[in-house]
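# Structural features, examined
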Amino acid sequence: MIQETAPAPFGARLRRAMDERGPLCVGIDPHASLLADWGLNDDVAGLARFTRTVVEALADRVAVLKPQSAFFERFGSRGLAVLETAVVEARERGALVLMDAKRGDIGSTMAAYAATYLDPASPLFSDAVTVSPYLGYGSLRPALDLAAAQGCGVFALALTSNPEGAEFQRAVREDGRTVAATVLGHLAAENAAAEGLGSYGAVVGATLGDLSAFDLAINGPLLAPGIGAQGATPADLPTVFGDAVRNVLPSVSRGVLRHGPDTGALRDAAARCADEVRAAIDQQEARQ
Ligand SMILES: O=C(O)c1cc(=O)[nH]c(=O)n1[C@@H]1O[C@H](COP(=O)(O)O)[C@@H](O)[C@H]1O
């Protein structure tokens, strides 16, 4: 009889990857301007070459690769085919793939989005996906449940790195809590039973300065974009995240990608960034 083994939870897989490979997520964001900088055309062949170069350079050494779906979708079905190949090859080379899709819809449609990224039968099956909770946290339930069943993760937008985010995310509800604190509270409840790092993460920008007004102790990963092109640095992480810094997964796209297309330069840039992040985390832990 074939024994069905439950997949290891995403949180545990992520913790192991961060410990072994360094706490870093590199975004695959094939901007038209980056394609040009790399000497590539802004077409499907350029997209495929760019993406393959990043995957071959980094998937065997960084903890997480985060393809930004929009940059592939803009080329239609042929762009999605490039994305499908990238996801499979990155996972085969040992990286966890976090699909940056930022999906969010009513629950019945959310189930279709969940199936797209979190059902192993889907060509875009990934280790985790970013979602938007602004149709109500409960609308994310199909993704949260499928993630649990498949050993996958979900990252919900809480405090995004862009300045416009505050208008909604820091709005105060009738009970006095902000919208962002509400999202963080839901995620903490979701992770409460997890042994070690939970599988339900929050997106919290590294650009936001002191966030001590928010309870970031959600027992889940905190995806922290904003380092590099948006102005934050690894040295900012202790100020932004305080004691929660050990659960932070910093994410860098252009800050690493601008070093391509040379494979060695991409690898050096990612390694430098991971070292700087680790040093910042060690410094904060020494203070505690
Ligand atoms: O979910 C994200 O990844 C994300 C959330 C957020 O608050 N801010 C943010 O910049 N991102 C994504 O992170 C990447 C940042 O790219 P760089 O600014 O080039 O490092 C982009 O793909 C954004 O879509």
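Residues numbered from 1 in each chain as written. Predicted model: local features only at pLDDT ≥ 70, side-chain atom pairs only at ≥ 80, totals over all residues. Heavy atoms only, no water.

Around the ligand, the structure places 17 residues, and the nearest of them are Asp29, Lys66, Ser161, Gln230 and Arg254. Between an oxygen atom of the ligand and a side-chain N or O atom of Lys102, the distance comes to 3.2 Å. Here the ligand has 500 Å² of accessible area as a free molecule, and 90% of this is covered by the chains. Counting residues per element, the ones that place at least two in the shell around the ligand are β3 (96–103) and β7 (222–225). (Near = heavy atom within 4 Å. Polar contact = N/O pair within 3.5 Å; in protein donor to acceptor, adjacent residues only side chain to side chain. Areas by Shrake-Rupley, 256 points an atom, 1.4 Å probe, with all protein chains shown as cover. Helix = DSSP H or I, 4+ residues; strand = E, 2+ residues; numbered from the N terminus.)

Attention now goes to the pattern of salt bridges. Overall, the coordinates contain 11 salt bridges when judged by the stated rule. As a salt-bridge pair, Glu73 and Arg103 come within 3.0 Å of each other at their nearest N and O atoms. Here the residue Glu73 occupies a position in helix α4 (residues 69–73), and Arg103 occupies one in strand β3, the gap between them amounting to 30 residues. Under the relative-accessibility criterion, Glu73 is labelled partly exposed at 33%. Each of Arg13, Arg91 and Asp127 takes part in a single network of salt bridges with overlapping partners. (Salt bridge = Lys/Arg side-chain N within 4 Å of Asp/Glu carboxyl O. Buried < 20%, exposed > 50% of the residue type's maximum accessible area, 1.4 Å probe, protein only.)

Following the UniProt record, the feature "active site" (unreviewed entry) maps to Lys102 here. Residues contacting Lys102, with those up to four places away along its chain left out, are Gln68, Thr130, Val131, Ser132 and Leu157. Separated by 2.9 Å, the side chains of Lys102 and Asp100 make a polar contact. (UniProt positions renumbered as here; feature names shortened; annotations may be inferred. Contact = heavy atoms within 4.5 Å.)

Moving on to the environment of Glu276. Structurally, the position occupied by Glu276 is in helix α12 (residues 263–287). By relative accessible area, Glu276 is classed as partly exposed at 41%. The sequence separation of Glu276 and Arg91 amounts to 185 residues, and the corresponding C-alpha distance is 25 Å.

Turning to the sheet that holds strand β6 (residues 200–204), a few remarks are in order. Pairing in this closed barrel of eight strands is parallel, and the strands run β1-β2-β3-β4-β5-β6-β7-β8 around the ring. On average, each strand axis in the sheet is inclined to that of its neighbour by 30°, with strand direction left out of account. Examined bridge by bridge, strand β1 (residues 25–28) and strand β8 (residues 248–252) share two bridges and lie parallel to one another. By the bridge assignment for β8, Val26 is matched with Val252. Those strands touched by helix α6 (residues 107–118) are β3, β4 (128–131) and β5 (153–159), and its axis lies near 160° from that of β3. (Pairing = 2+ DSSP bridges. Axes fitted to C-alpha atoms, helices over the stretch in contact; angles between N-to-C directions.)

Here we take up the packing of aromatic side chains. Inspection of the entire model under this criterion finds two aromatic pairs. Ring geometry for Trp38 against Phe50: centres 4.1 Å apart, planes inclined by 35°, an arrangement best described as tilted. Here Trp38 is found in the loop between α2 (32–37) and α3 (44–58), whereas its partner Phe50 is found in helix α3, with 12 residues between them in sequence. As far as burial versus exposure is concerned, Trp38 and Phe50 are alike and both buried. (Phe/Tyr/Trp six-rings, centres within 6.5 Å; stacked < 30°, edge-to-face > 60°.)

Looking at where Ala206 falls in the secondary structure, it is placed in the loop between β6 and β7. Not counting chain neighbours up to four residues away, the residues in contact with Ala206 comprise Ala224, Pro225, Ile227, Ala232, Asp236, Leu237, Val240 and Phe241.

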